[in-house]
Amino acid sequence: MTIKLLACADPFQPHRRELSELPSGRTVRDCLRSADMADGRPAVVSINGVWVLQAEWERPIESGAAVVAVRLVAGGKNAGMWVSIGMIAIGAVLLFTPLAGVGVALIAGGVVGLASSLLIQTPRVPSALQFESGSPTYALDVVNRRRIGEPIPALYGTHRIVPDLIANPYTEYDSNDQYLFMVLCLGNGEFDIEEVRIAESVVTRLSNFTSQIVAPGDTLTLFEDNVSTSSLVQGQLLRATNDANLPGNGRVQITAATKRITALDNPALFIDCLVGDSIILANCANAGTHVITTMDAGGLWVAASGSVFTDESPNAASVVRDPVAAGPNITLIIAGNVTFTAGTKTISDPTLKRFIRLKPGDSITISNTASNNATLTLDTVDPSGASATVLETIVGETLANPYIILASGGYVGPFPVNAANTDLQAIGLDILFAKGLTNNGAEYTVGVEFQARPIDNNGDPTGPGTWTTLGTESITRNNLSAVRVSFRYNPPTSANRWEVRVRRTTASPFNANIPDETTWAGMRGYLPSVGTYADVTLYALRVKATEQIPQDVARQINIIATRKLPVWNGATWSAPQATRSPAWALADVLRNGDYGADLPESRIDLAKLLELDGIWAARGDFFDGVFDQTITVWETLTRIARAGRATPIVSGGVVTFVRDQARTIRTALYSPQHMKKGSLGIEYTFRQADDPDGIELAWIDPNTWRQAHIEATVGGGAPLRPASVDLFGVTNQAQAQREATYLARVDAYQRKVIRFTTEMDGHIPLVGDLIAISHDVPAWGQSGALLAISGTTYTTSEPLTWTPSSAHYVGLRKPDGSLSGPWAVTEVADNPNAFTLVGALDFTPRLDLSNGDRTAYLFGPGTTWCQDVVVTKVMPRSETEVELTCQPYDPRIYAAGA
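This section reports on the structure supplied with the text.

Strand order in this closed barrel of six strands is β53-β54-β57-β56-β55-β58, and the pairing throughout is antiparallel. Direction aside, neighbouring strands of the sheet carry axes that sit 45° apart on average. In terms of strand pairing, strand β53 (residues 782–790) meets strand β58 (residues 856–861) through four bridges, oriented antiparallel. Across the sheet, the residue bridging to G784 is Y857, located in β58.

The structure is reproduced here in structure tokens:
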């Protein structure tokens, strides 16, 4: 015979109970040494339910005794207070603190209540865990996206990742080749990258790729990572200087506001005239009297007001001076020709509003007229942009041909290079000749000019607002295929924000054999580099555009990777290493302060995780899932643990885990004597004709990274009406098949829920423990109390009913609430209130009420001497009562194949 020792070294962590056996004859102090509790700190010990004083710790303990050793809670004003296992409340409230910060809070905060349950609380098939529709990982199409403000993904195990764009992709041209630059965020933490794909093509099988993996804290050095691409520059045509459709190169009307009249034969003809005098025009379309509005001091010319002289050419009129007339209305009659020239011209274009972006002081050029290529300065600009006036005199233009070609410079733009409140470091500009650039097999040159000026956050020019030429480039090629050229300039001054305009500076022959169509293909702003990123892994990719690369490459990058996590060996944490174990994913969720619960290790049952890790490794159970939607910590733990057929619970303020698996040790026994009267309740779920007859389980096939399905029934074969279940995080076909079989058996064999209320001994079992129940109403064995013992004959308080030709067993309740047995027993002739025990007990039963309740028994034939159940919920109802919720334990659920 041996001594059974149940030791709890930490009364606030009752899940860390140690159950062991010691040879008989050992002392209490020997028991404490065995449990590492003989260090002088206070403890209390009971033997067969009777607490013993420290003075008795040196006496030997009899064979079969049940010893319970518990630490004291001592110190402060509570010194001397002790807590037994039965008094420790299971499931103290655990608060997970919500995270702050945008884009990082993958797993938000939540509160776990006093009661926690197993995965399966009812005999029905569990509801499906649906994949989130907003998830890029589990979407049907591979699409890299910018998910601004959404959570950074957290990968556990191995999975295909569709990484988010952490910055806008951009392109540059180098030696006529186009390169795409992308920075993708794989997610939180470190990764072991297996392969990178574009759609279904593995990148390593393609050429022209350069990449860099940027681990947390490392620096991106492959290329500049903070580049903004203008959405306004999208292939605008740069027209030749002689193109009538050039912006500003339209036919615009010139009208004369006033006329200047010049005497060619007598330079001082008007020396005696005054403003307000009248002159007479004769021999012309506008013959008549006109008032002098402006005088030249030397008498060389006057300006006359009146109707606009639209019908006069410069040399078609005569001015005649009448010397006889006197007074303010002198009639000037002079024989000979005088010249009409325009003093101020109004250039109008009411339809196109060409001058909407021009301002006084800007220069314009006129071409293809008598005043060809004259450069003029704008004097005024109508706010609508429909007209403008120039300072210079325009000579040589006739009103008979009142239209000229206005070349306002032909600029496209301006467009802002960078956004408000950003600091521009450099400007990138792309020019494209989509049809090539050649002159019948010879080289051909096109000139392009880039100008920039500083602007404020509202987009208005700062300071004088003058334009600075960034560069005047000559592009020479002999190429019938597309020609692409990129230019890069530093801002002319230290201003933070700039806008740019571009124009072509050369004419075109407009010959189909000389392709020279020029477009402004792109503009980029290079901003201060971020360089180092904390707590996330990036994948930087430089791709050369070839026929192997799809046009939408920037949306089809996907990566197969394994998360690196610290692994606990029972004493220390390792450096992050690639792992698919659910155990270390659960530990990361609980420990991580960026996106998890940020719990200290004292509140995590690491020993249980290490134990489960061994079980999962032996079975080949993994968790391979990506969390890229915001959910609670508790839901995250539930999903990860579910892949290993486990569930999280809170016990004594510590998060631990219970796996649904085969059990052999019963931790407690309850008979009607230990239940509140009338509290036993049983809920049955009976099968209906249209109930599911099997399981269709969805998992992720790693060959395609698409959802696949596995079916299972209890009897084998294909189900006709399967229940659909999504098993999140499972990418292993064997694991998926086991879980489908397991769920089918659960649905078949666990179809009732049992509840009853007991006293404080309801705290003895934990969620997931196997316990024995006896009750006469459902005929779960027979129960009562022992009254006497004579040798191997035990007298019972209730008569026993024996079943002929059947083996019978009895289970006895030890003083600590645990179960002794079952023991084989035989019938005592002529005494229905007795049985004979085959063998010897491992404890001494109580036969009277002097030290507590008499020892309770459960009795019955075969396996019916009790009902084995698994505790699924422990709910305190008052300070002295606890409700237990259970489900029947059926070993068929865990038979081979599950």
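Having seen it, we continue.
By size, the foremost hydrophobic cluster in this structure holds 54 residues, and its most contacted members are Y156, L609 and F657. Considering every element that reaches this core, the biggest residue donor is helix α2 (residues 582–591), with seven residues.

So, about unusual backbone geometry. Across the junction of G413 and P414, the peptide omega takes the value 10°, indicating a cis bond. With respect to the secondary-structure elements, P414 resides in strand β32 (residues 412–416). Following G821, the chain continues into P822 via a peptide bond in cis, with omega recorded as 10°. The backbone of N421 sits at a positive phi, close to 60°, despite the residue not being glycine. With respect to the helices, strands and loops of the structure, N421 is situated in the loop between β32 and β33 (426–433). Residue classification places N421 among the exposed positions, given a relative accessible area of 69%. You will see that S805, though not glycine, has its phi angle at about 60°, which is positive. Given the relative accessible area of 85%, S805 is considered exposed.

This structure, assessed with the given rule, holds 31 salt bridges. Between R591 and E601 there is a salt bridge, and its shortest N-O distance comes to 3.6 Å. Of the two residues, R591 sits in helix α2 while E601 sits in the loop between α2 and α3 (606–619), which places them ten residues apart along the sequence. With relative accessibility at 27%, the residue R591 sits in the partly exposed group. Classification of E601 as partly exposed rests on a relative accessible area of 33%. The partner of K676 in a salt bridge is E881, with the nearest N and O atoms 3.5 Å apart. Of this pair, K676 sits in the loop between β46 (666–670) and β47 (681–684) while E881 sits in the loop between β59 (867–876) and β60 (882–888); the two residues are 205 residues apart in sequence, bridging distant segments of the chain. Among the residues examined, K676 registers a relative accessible area of 44% and is labelled partly exposed.

A few words on the sheet that holds β47. Spatially, β46-β52-β59-β60-β51-β47 is the arrangement adopted by the six strands of the open sheet, whose pairing is mixed. Either end of the sheet is taken by a strand with one partner, and the two such strands are β46 and β47. Taken pair by pair, the neighbouring strands of this sheet meet at an average axis angle of 35°, ignoring direction.

Mapped onto the fold, S581 is located in the loop between β41 (577–578) and α2. A distance of 3.1 Å separates the side chain of S581 from the backbone nitrogen of A583, its partner in a polar contact.

With that settled, consider the side chain of D613. Secondary-structure assignment places D613 in helix α3. Lacking a salt bridge, the buried D613 has R580 as its closest oppositely charged neighbour, with an N-O distance of 11 Å. Apart from the residues lying within four places of it in its own chain, the contact partners of D613 are S581, A583 and W584.

Moving on, we come to α2. For α2, a buried count of nine out of ten residues is recorded, marking the element as mostly surrounded by other parts of the structure. Among all positions of α2, only P582, A583, W584, A585, L586, A587, D588, V589 and L590 are buried. Capping the start of α2, S581 holds a side-chain oxygen 3.1 Å from the backbone nitrogen of A583, two or three residues further along.

What follows deals with the packing of α2 against α3. Their axes nearest at 8 Å, the elements α2 and α3 cross at an angle of 150°. Between α2 and α3, the crossing angle belongs to the class labelled roughly antiparallel. Here P582, A583, W584, L586 and A587 of α2 lie close against α3, whose contacting residues are L609, L610, D613 and W616. A class-by-class count of the residues in the contact of α2 with α3 yields eight nonpolar, no polar and one charged.

So, on to the packing of aromatic side chains. Applying the stated criterion across every chain, the model contains 17 aromatic pairs. A centroid spacing of 4.8 Å and a plane angle of 10° characterise the contact between Y170 and F181, whose relative ring orientation is stacked. Remark: F181 occurs in strand β14 (residues 177–188) and Y170 occurs in strand β13 (residues 170–174); sequence separation between them is eleven residues. Seen from their ring centres, Y170 and Y526 are 6.2 Å apart, and the 85° between their planes marks the pair as edge-to-face. Taken as a pair, Y170 in strand β13 and Y526 in strand β38 (residues 518–526) lie far apart in primary sequence, 356 residues in all. On the accessibility criterion, Y170 (5% relative accessible area) is buried. An aromatic cluster of three or more residues is present, and its members are Y156, F623, F627 and F728. Above the ring of F728, the side-chain terminus of R639 is found at 5.3 Å from the ring centroid. Just above the ring of Y749 sits the side chain of R892; from NZ or CZ to the centre is 3.7 Å.

Procedures and definitions
Residues numbered from 1 in each chain as written. Predicted model: local features only at pLDDT ≥ 70, side-chain atom pairs only at ≥ 80, totals over all residues. Heavy atoms only, no water. Pairing = 2+ DSSP bridges. Helix = DSSP H or I, 4+ residues; strand = E, 2+ residues; numbered from the N terminus. Axes fitted to C-alpha atoms, helices over the stretch in contact; angles between N-to-C directions. Core = buried A, V, L, I, M, F, W, Y, C linked by side-chain atoms within 4.5 Å. Buried < 20%, exposed > 50% of the residue type's maximum accessible area, 1.4 Å probe, protein only. Salt bridge = Lys/Arg side-chain N within 4 Å of Asp/Glu carboxyl O. Polar contact = N/O pair within 3.5 Å; in protein donor to acceptor, adjacent residues only side chain to side chain. Lys, Arg positive; Asp, Glu negative; His and termini not counted. Contact = heavy atoms within 4.5 Å. Parallel < 35°, antiparallel > 145°, perpendicular 65-115°, else oblique. Nonpolar A, V, L, I, M, F, W, Y, C, P; charged D, E, K, R; others polar. Phe/Tyr/Trp six-rings, centres within 6.5 Å; stacked < 30°, edge-to-face > 60°. Lys NZ or Arg CZ within 6 Å of the ring centre and 35° of its normal.

Such coordinate-based values are descriptive only and should not be taken to indicate function.
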